[in-house]
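Inside the fold
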Amino acid sequence: MKKVWICGIITVLCIIATVLLRKPMDNAELDYQEVQVRVVSSESKERTVRTQYSTSRQTVYEVIVRYEGKEYELKNVHNSYSYLEGRDVTAYLYNGKLYANEEGVRSASTEGIAYSVALIASFGMFVATMVMLSKSGQKK
């Protein structure tokens, strides 16, 4: 039972960290540059994702753009129809990578990565705590 309490406390701390990190992520001063790029190629690909319990299909958007003579894979793309080949579009240059929107830049920032880690840790610890709690209930 002691392990369940420890996991529960860690879960609560992870959730608190997630909540506290959300505001700094949203308010972070991002040092990015808004640039115009030319779309080289744009594809939608179906990918099969298999887990232990199920199989599902996921659409992945691969958009390649050219900026200052170099080709980049555009990150955080939500569709392919907005990126027609040969068309000029706005992108966001951050840390040597191009993003389709400010949301992608925000999630790639230090604050965004910290928030994502805390969110994943919260979920993982919640699941672990629930599993341990159900196992401790079965022992009695």
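Predicted, not measured: the structure shown is a model, and the values here were computed from it.

**Observations concerning the pattern of salt bridges**
This structure, assessed with the given rule, holds six salt bridges. Two residues, Arg-22 and Asp-26, come together in a salt bridge whose shortest N-O distance is 3.1 Å. In this pair, Arg-22 and Asp-26 are both assigned in helix 1 (residues 2–27), four residues apart and thus about one turn of the helix distant. Take Asp-26: its relative accessible area is 35%, and that puts it in the partly exposed class. Between Glu-71 and Arg-66 there is a salt bridge whose closest N-O contact spans 2.8 Å. Note on Glu-71: relative accessible area 46%, which makes it partly exposed. Residue class for Arg-66 comes out partly exposed when judged on its relative accessible area of 38%.

**A word on the side chain of Ser-80**
With respect to the element layout, Ser-80 can be found in the loop between strand 3 (70–73) and strand 4 (88–94). Residue classification places Ser-80 among the buried residues on the basis of a relative accessible area of 17%. There is a polar contact of 2.6 Å between the side chain of Ser-80 and the side chain of Ser-44. Once you skip the residues sitting within four places of it in the chain, Ser-80 turns out to touch Ser-42, Glu-43, Ser-44 and Tyr-61.

**A closer look at the nonpolar core**
Counting residues in each nonpolar core, the largest one holds 15 residues, and the members touching the most others are Val-37, Val-63, Val-65, Tyr-67, Leu-74, Tyr-83 and Leu-98. Among the elements of the structure, strand 1 (33–50), strand 2 (55–67) and strand 4 are those that each provide at least two residues to this core. Sequence-distant contacts of Tyr-83, that is, excluding residues within four places in its chain, are made with Val-39, Ser-42, Val-63, Leu-74, Val-77, Val-89 and Ala-100. Membership of the second largest hydrophobic core comes to six residues, among which are Ala-28, Leu-30, Tyr-94 and Val-105.

**Focus: the sheet that holds strand 1**
Taking strand neighbours across the sheet as the criterion, the five strands line up as 3-2-1-4-5 in an open arrangement whose pairing is antiparallel. Edge strands, defined here as strands with exactly one partner in the open sheet, are strand 3 and strand 5 (97–99). Taken over all neighbouring pairs, the strand axes of this sheet differ in orientation by 45 degrees on average, direction set aside. Looking at chain direction, strand 1 and strand 4 are connected through six bridges and run antiparallel. Directly across from Gln-33, in strand 4, lies its bridge partner Leu-93.

**A closer look at the layout of surface pockets**
Considering only enclosed or pocket space, the largest pocket measures out at about 200 Å³ in volume. By residue number, the principal contributor to the lining of the largest pocket is strand 2, which donates three residues.

**Observations concerning the environment of Tyr-81**
Topologically, Tyr-81 is positioned in the loop between strand 3 and strand 4. Look at Tyr-81 and you get exposed, because its relative accessible area is 63%. For the pair formed by Tyr-81 and Glu-43, sequence separation is 38 residues and the distance between their alpha carbons is 8.7 Å.

Here is what the cut-offs are and how they apply
- Residues numbered from 1 in each chain as written.
- Predicted model: local features only at pLDDT ≥ 70, side-chain atom pairs only at ≥ 80, totals over all residues.
- Heavy atoms only, no water.
- Salt bridge = Lys/Arg side-chain N within 4 Å of Asp/Glu carboxyl O.
- Helix = DSSP H or I, 4+ residues; strand = E, 2+ residues; numbered from the N terminus.
- Buried < 20%, exposed > 50% of the residue type's maximum accessible area, 1.4 Å probe, protein only.
- Polar contact = N/O pair within 3.5 Å; in protein donor to acceptor, adjacent residues only side chain to side chain.
- Contact = heavy atoms within 4.5 Å.
- Core = buried A, V, L, I, M, F, W, Y, C linked by side-chain atoms within 4.5 Å.
- Pairing = 2+ DSSP bridges.
- Axes fitted to C-alpha atoms, helices over the stretch in contact; angles between N-to-C directions.
- 1 Å grid on protein atoms, 1.4 Å probe; cavity = no way out; pocket = protein on both sides within 12 Å on 5 of 7 lines; lining within 4 Å.
- Points joined across faces, edges and corners; volume = space filled by probe spheres on them.

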